[in-house]
Amino acid sequence: MKTAIQIRDLSKSYVINKQSQKVLDKINLDILPGEFILLRGDNGSGKTTLVNLICGLQAPDEGSIEIFGKSPKDPQAHLKLGTMLQRAKPVEGLTVKETIRLFQSYYPQPFDLAETIERSRLTTKQNDYATTLAGGQAQSLYFALAIVGNPDILILDEPTNNLSSEARQNFWKQVREFQQQRKTILAISHSEQDCDEIAYLVTREVRLSNDNGNLEIQEFPPYQALKNDYHEFEEGAKLKSESSADGENSSNLKYKSDPGSFSFKAFWGQLYVELLQTFRKVDTIIIGLGFAIFAGFSIEQNTPDQFQSLVAASLAALVVFVCVSQFGVKIASERDRGWLKLLRITPLSFTTYLAAKVGNFLVLASLMTGLAFVSGWGASQFSENSSFIWEPWMFYLSFILVLGVVPFAIFSFTLAYLFKTESLNFALLAFLAIMALSSGLNISRLLPQAWVRYIILFLPTYHYGQLVAWMGEVKLEGIFRFDGYHLIHIQWLLWWTVVAGMLARWVYRRERLSG
Ligand SMILES: Nc1ncnc2c1ncn2[C@@H]1O[C@H](COP(=O)(O)OP(=O)(O)OP(=O)(O)O)[C@@H](O)[C@H]1O
């Protein structure tokens, strides 16, 4: 049996006011499976830093941490951990039940949904929006999210902050029930009432010192009993593995699949909630779907002879605008709420996460283009000399509009990770302006420098614009026309999708979510 958490010579410093300050200094600690550790220390002594390091949200300067023998960065370790972070808010647009179901989809062997809701005392609140929960109920939701994956280790960072005395009692009762299944618990609390509530469960109290970044450890009677059990088990396991050559291998088979790779279960779970959130936002419905319907209808009514080119141009602009603004703003809000931090400590992989976000956009963009054509057909029904007929170009144009915009959606994902929320709107506006300038509309003629025009030829917007002009038969002499090289434009867009994906992966990995 492996140690639940093994910490060796762990050090961490921060640069505060241009000076390096050591928060943790060569810390060593072995937490046994089934232990209940109470982590204490004054404000600023480094408790949350230690939790962030254990969850893999931050990297140590020196030393190492292992979760059942795995690095905290390893997705296998994330399967074992359930964490309640100190600062997080529920994500918008989802009910309590939907939020818990989403987290449940990330894990291969989760708890039953109804059981988790009941265990967290959220039965009467399960259909309420998570953002409307009162303080204590929100803590219960975070508890549910921490346990739904059926983790072996539960980490609770000041879980009873802002709770009433009764709510505290209830909370620790839930934790006790969880611990009775011989799970390992690491809890941080400043409250004396909390300490009284859990006193008989605690195996060791670990105190972080503010002065020297070291640990003081106090052992309680349950620890000795647990330690003896652990050593007996170790001895037994040693004998067993000596008598059976493949003993070690068979225990490793348990988690053979790699939780860091793409998971269909997590993809469908994530895509479902992304769609729910999108279609519950009134502005998406009005701007995205409303404008698409309006464009199709009014173009067919007023200029039916130019339907193909005008619909192509207006839909291209609309689809790009909605996808870029939707993606960026949504991720920024999730980041502000601490939601991304919560996602990063689950086994959800980057590929699954990004694929679900792109999938959400593809559904929205398909609906937008479909509705524009249906409303054009609707408008033709009111017109006496209608020329509207369903033609194959409509299908091909929709295909280009929807798939061609994927690299832009991924770029806006990248921007949302690169910029802080306050500056993100400017970044998105600048991005949209660059896209408009480089779309192939011959504004570039106004640019005196030839090299600017050459750069534009390499940008994805130019190729997207050309493909739309091709399918929309856009012929605006001297301003915008298809140059005839559709295969080259398709290749460039594919290449940009790969580049955008690599960039997104890089910003996702480098993101520090520790604040
Ligand atoms: N990302 C960061 N950048 C710079 N300094 C940081 C960062 N995170 C934490 N610190 C500093 O490190 C020290 C330890 O912070 P930490 O949040 O780990 O303490 P804590 O024991 O959890 O405090 P509290 O009990 O108030 O939650 C503090 O002085 C804090 O200001």
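Located above this text is the structure these notes cover.
It should be emphasised that the depicted structure is a prediction, and the values quoted were computed from it without experimental measurement.

Rules used throughout
Residues numbered from 1 in each chain as written. Predicted model: local features only at pLDDT ≥ 70, side-chain atom pairs only at ≥ 80, totals over all residues. Heavy atoms only, no water. Pairing = 2+ DSSP bridges. Helix = DSSP H or I, 4+ residues; strand = E, 2+ residues; numbered from the N terminus. Axes fitted to C-alpha atoms, helices over the stretch in contact; angles between N-to-C directions. Contact = heavy atoms within 4.5 Å. Expected span 1.5 Å × (residues − 1). Buried < 20%, exposed > 50% of the residue type's maximum accessible area, 1.4 Å probe, protein only. Arc of directions from axis to C-beta. Salt bridge = Lys/Arg side-chain N within 4 Å of Asp/Glu carboxyl O. 1 Å grid on protein atoms, 1.4 Å probe; cavity = no way out; pocket = protein on both sides within 12 Å on 5 of 7 lines; lining within 4 Å. Points joined across faces, edges and corners; volume = space filled by probe spheres on them. Core = buried A, V, L, I, M, F, W, Y, C linked by side-chain atoms within 4.5 Å. Near = heavy atom within 4 Å. Polar contact = N/O pair within 3.5 Å; in protein donor to acceptor, adjacent residues only side chain to side chain. Areas by Shrake-Rupley, 256 points an atom, 1.4 Å probe, with all protein chains shown as cover.

The sheet built from three strands is open, its strands ordered β2-β1-β4 with antiparallel pairing. Looking at strand neighbours, the two that pair on one side only are β2 (19-31) and β4 (62-67), the edges of this open sheet. If you compare each strand with its neighbour and ignore which way they point, the axes differ by 30 degrees on average. Examined bridge by bridge, strand β1 (residues 5-16) and β4 share five bridges and lie antiparallel to one another. For S11, the partnering residue across the bridge sits in β4 and is E62. Taken strand by strand, helix α1 (residues 47-55) contacts β1, β2 and β4, and its axis lies near 120 degrees from that of β1.

With 17 residues, helix α17 (residues 421-437) should reach 24 Å at 1.5 Å per residue; the first-to-last C-alpha distance of 25 Å fits that figure. Along α17, the positions that sit buried rather than exposed are L424, A427, L428, F431, L432 and M435. Projected down its long axis, α17 shows its buried positions confined to an angular sector of 135 degrees, all on one face. Among the exposed residues of α17, those pointing more than 90 degrees away from its buried face are E422, F426 and L429. Next to the buried residues of α17 lie α12 (307-336), α16 (406-418) and α19 (460-472).

All right, on to the pattern of salt bridges then. Summed over all chains, the structure comprises 17 salt bridges. Linking R40 and E192 is a salt bridge whose minimum nitrogen-to-oxygen distance equals 3.1 Å. Here R40, found in strand β3 (residues 36-41), pairs with E192, found in helix α7 (residues 192-198); they are 152 residues apart in sequence, far enough to count as distant. With its nearest N and O atoms 2.4 Å apart, the salt bridge here joins E274 to K330. With E274 in helix α10 (residues 264-279) and K330 in helix α12, this pair connects stretches of sequence that are 56 residues apart. Neither E274 nor K330 differs from the other in exposure class; each is buried. Shared partners join several salt bridges into a network, and the residues in it are E274, K330, E334 and K357.

Now for empty space enclosed by the protein. Which parts of space are left empty comes out when a probe the size of a water molecule is rolled across the atoms. All told, the structure shown has five cavities of 30 Å³ or more when counted by the stated rule. The computed volume of the largest cavity comes to approximately 80 Å³. Contributing to the lining of the largest cavity are L81, G82, T83, M84, F103, Y107, Y142, L145, A146, L342, I345 and T346. When residues of the lining of the largest cavity are traced back to their parent elements, those giving at least two are β5 (81-84) and α5 (135-147).

Core analysis: the biggest nonpolar cluster contains 138 residues, and I100, F413 and Y464 have the highest contact counts within it. Counting residues per element, this core draws most heavily on α12, which supplies 14 residues.

Okay, the environment of Q491 next. Among the secondary structure elements, Q491 is positioned in helix α20 (residues 486-510). In the structure, Q491 is positioned 28 residues away from H463 in sequence and 9.1 Å away in space, judged by C-alpha atoms.

Bringing the site of the ligand into the picture now. Residues in contact with the ligand amount to 15 residues; listed here are only the nearest, G44, K47, T48, T49 and H190. In the model, an oxygen atom of the ligand is placed 2.9 Å from a nitrogen or oxygen of the N43 side chain. A distance of 3.0 Å separates an oxygen atom of the ligand from a polar backbone atom of G46. Calculation on the ligand without its partners gives an accessible area of 630 Å², and the protein chains cover 67% of this total. Put simply, the parts of the chain that give the shell around the ligand at least two residues each are β1 and α1. Counting residues per element, the shell around the ligand draws most heavily on α1, at three residues.

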